[in-house]
Amino acid sequence: MNRMPRILIAARTNPEGFATLFRAELPEHEVVTAVPDDGAPTPYVVVGLPPPGLLASLKGLEVILSINAGVEHLLASGEVPPGVPVVRMVDPGLVAGMVEWVAGRVLAWHRNLFAYREQQAGGLWAQLPEMLAAERIVTVLGAGELGGPVATMLATLGFAVRTWSRTPRVVPGCSGFAGRDALGDAVAGADVLVNLLPATAQTIDLIDHRLLSRMRPGSLLVNGGRGSAVVDADLLRALDDGVLGAAALDVFRQEPLPGDHPFWSHPRVFITPHAAAITHARTSVAVMAESIRRHERGEPLANVVDPARGY
Ligand code: NAP
């Protein structure tokens, strides 16, 4: 008798919830949350950051399905068996979350909500100067699955949007910049800088004081990508010398953000706990199940990570 192909849910968050949804999507598969000691192959594993040794211990592994869009931790673990594809999370729920989170930060700053909150603390009733969205330049670093829709949303709201990517990308309604040499031009004069780059050797420390100084004074940094892109000390200096007006940060070099980090108490740093775009079990299981179906039909997998590129 043929065995049902096994799917191991090794994600730490809500494994039973994921398993229930997988069983409904793929009833011809065996879905487990721990590997039975039966020596049978496990062609599919669903992971965030798996415990050390887990991936190497799986017999017959064919596809690693990541519940995260960013996979730098998986690649850095050195535990991905050579030749086994990692499919990263590309999911409408994640896109919706990031679009909303960035829209929330940009609009709150653009319409002076942060500044009015400060005024409120002092009981001050005074209208602040405003600009039209069309008078503001927003630069989005990363024009991929998240950066693209975020740029489109901001352009729809009327902002003058630029995108910056590794290779040339066309996002309707936005000006596209590509490659390291074009970074300075992409950021020059921007009112808002949104980071949606993956963490790679090329993006580490990219956002430093020099780059921030190219923006319009008093501008906003929004980081929804990864903390490694930002030089923390430079960001604090830029806030304190007026280069930046505010920073909305969701991701940090160390997470959770250590209790003594100066970001916590800075009046113009707005922190969320890596919550900009969370993986929703329902939408993400539909996407992962479709990857498994494609694989079993012999079709090429979508959204496979390129280990050499790092994303
Ligand atoms: P993606 O589709 O792979 O897009 C990445 C974009 O970054 C692409 O446009 C890529 O350029 C560009 N890029 C990569 N390296 C670059 C470089 N060296 N120079 C210039 N551009 C570069 O990834 P995604 O799905 O949009 O996700 C982006 C990141 O968001 C993830 O890696 C993750 O770190 C982060 N994220 C955060 C949260 C959260 O809750 N805060 C949630 C999900 C994801 P090309 O188009 O030329 O390839």
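In this text the structure is predicted, and so the values were computed from the model without any measurement.

Caption draft 1: Just helix α10 (residues 281-297), in detail. An ideal rise of 1.5 Å per residue puts 24 Å on 17 residues; α10 measures up with 24 Å between its terminal C-alpha atoms. Among all positions of α10, only Ala 281, Ser 284, Val 285, Met 288, Ala 289, Ser 291 and Ile 292 are buried. One side of α10 holds all its buried residues, which, seen down the axis, span an arc of 155°. Lining the buried residues of α10 we find β1 (6-9), α1 (15-25), β3 (44-47), β4 (63-66) and β5 (86-87). Immediately beyond the C-terminal end of α10, within one or two residues, lies Gly 298, with a positive phi of roughly 80°.

Caption draft 2: Structural context of the pairing of strand β10 (residues 219-223). Of all 5 residues making up β10, 5 are buried, and the element is well covered by its neighbours. Taken together, the 4 bridges between strand β9 (residues 192-195) and β10 define a ladder with parallel strand orientation. Its bridge partner being in β10, Asn 195 is matched across the sheet by Asn 223. Taken together, β10, helix α9 (residues 232-240) and strand β11 (residues 244-249) form a β-α-β motif whose crossover is right-handed.

Caption draft 3: A look at the nonpolar core. Grouped together as the largest cluster of nonpolar side chains are 52 residues, with contacts concentrated most on Ile 7, Ile 9, Phe 22, Leu 154, Val 194 and Met 288. Examining the composition of this core, we find that 9 residues originate from one element, helix α4 (residues 92-110), more than from any other. For this core, the domains that each give at least three residues are domain 1 (6-91 + 279-296) and domain 2 (93-271). In this view, Phe 22 contacts Ile 7, Ile 9, Val 31, Val 46, Val 285, Met 288, Ala 289 and Ile 292; residues no more than four positions away in its chain are not counted. Residues Ile 137, Ala 182, Leu 193 and Leu 206 belong to the second largest nonpolar core, which totals 30 residues.

Caption draft 4: Representation of the packing of aromatic side chains in the model. Per the counting criterion, the structure on display carries 2 aromatic pairs. With 3.8 Å between their ring centres and 15° between their planes, Phe 114 and Phe 270 make a pair best called stacked. Of this pair, Phe 114 sits in helix α5 (residues 113-121) while Phe 270 is found in strand β12 (residues 269-271), placing the two residues 156 residues apart along the sequence. Relative accessible area serves as the criterion here: at 24%, Phe 270 is assigned to the partly exposed category.

Caption draft 5: Spatial organisation of the sheet that holds β9. Taken in spatial order, the 7 strands line up as β8-β7-β6-β9-β10-β11-β12 in an open sheet, and their pairing is parallel. The open sheet has two free edges, formed respectively by β8 (175-178) and β12, since each of these has just one partner strand. Sheet twist, expressed as the mean angle between neighbouring strand axes with direction ignored, is 15°.

Caption draft 6: Quick peek at the site of the ligand. In the vicinity of the ligand there are 29 residues, among which Arg 88, Leu 146, Thr 167, Arg 169 and Tyr 311 approach most closely. Separating an oxygen atom of the ligand from a backbone N or O atom of Glu 145 is a distance of 2.8 Å. Between the ligand and Ala 277 there is a distance of 3.0 Å, counted from an oxygen atom to a backbone nitrogen or oxygen. When isolated, the ligand has an accessible area of 940 Å², and the protein chains bury 94% of it. Both domains that meet at the shell around the ligand, namely domain 1 (6-91 + 279-296) and domain 2 (93-271), each give it at least three residues.

Caption draft 7: How the structure looks around the domain arrangement of the protein. By the assigned domains, the protein splits into domain 1 (6-91 + 279-296) and domain 2 (93-271). The C-alpha centroid of domain 2 is placed 33 Å from the C-alpha centroid of domain 1. Counting each side, the surface lost to burial between domain 1 and domain 2 is near 680 Å², with a carbon and sulfur contribution of 56%. The largest share of the area that domain 1 buries against domain 2 comes from Glu 72, Val 90 and Asp 91, three residues that together contribute 57% of it.

Caption draft 8: Looking closely at α1. Turning to α1, its buried residues are Phe 18, Ala 19, Leu 21 and Phe 22. Buried residues of α1, viewed axially, fall in a sector of 170°; they line one side.

Reading guide: rules and limits
- What you see as residue numbers is a count from 1 along each chain, following the sequence as written.
- Selection of residues for local features in this predicted model requires a pLDDT of at least 70, selection of side-chain atom pairs for listing and counting requires 80 or more, and totals for whole chains, interfaces and linings are taken over all residues.
- Computation of side-chain values covers all heavy atoms of the structure but excludes hydrogens and water.
- Numbering of helices and strands starts at the N terminus; helices are DSSP runs of H or I of at least 4 residues and strands are runs of E of at least 2.
- Take the number of residues in a helix, subtract one, and multiply by 1.5 Å to get its expected span.
- Any residue under 20% of the maximum accessible area for its type is buried, any over 50% is exposed, and the rest in between are partly exposed; the area is computed with a 1.4 Å probe on protein chains only.
- Directions drawn from the helix axis to the C-beta atoms are what define this arc.
- The contact rule is simple, with two residues in contact once any of their heavy atoms fall within 4.5 Å.
- Here, strands pair whenever DSSP counts at least two bridges between them.
- The definition of a right-handed crossover adopted here requires that, viewed with the strands pointing away, the path from the first strand over the helix to the second runs clockwise.
- Throughout, nonpolar core names a set of buried Ala, Val, Leu, Ile, Met, Phe, Trp, Tyr and Cys residues whose side chains join them through atoms within 4.5 Å.
- Domain delimitation follows an automatic or database domain assignment.
- Note on aromatic contacts: the rings of Phe and Tyr and the six-membered ring of Trp form a pair at centre separations within 6.5 Å, being stacked when their planes are under 30 degrees apart, edge-to-face when over 60 apart, and tilted otherwise.
- Here an angle of 0 to 180 degrees is reported between the N-to-C directions of two axes, which are lines fitted to C-alpha atoms, with helices fitted over the stretch in contact.
- The criterion for a residue being near a molecule or strand is simple. One of its heavy atoms has to lie within 4 Å of it.
- Two N or O atoms count as a polar contact when they lie within 3.5 Å, although within protein this holds only if one can serve as hydrogen donor and the other as acceptor, and sequence-adjacent residues are included solely when both atoms are side-chain atoms.
- The Shrake-Rupley method, run with a 1.4 Å probe, gives the accessible areas here. Residue values count only the displayed protein chains as cover.
- A simple way to read buried area is as the amount of 1.4 Å-probe accessible surface that goes missing from two parts once joined, with both sides added.

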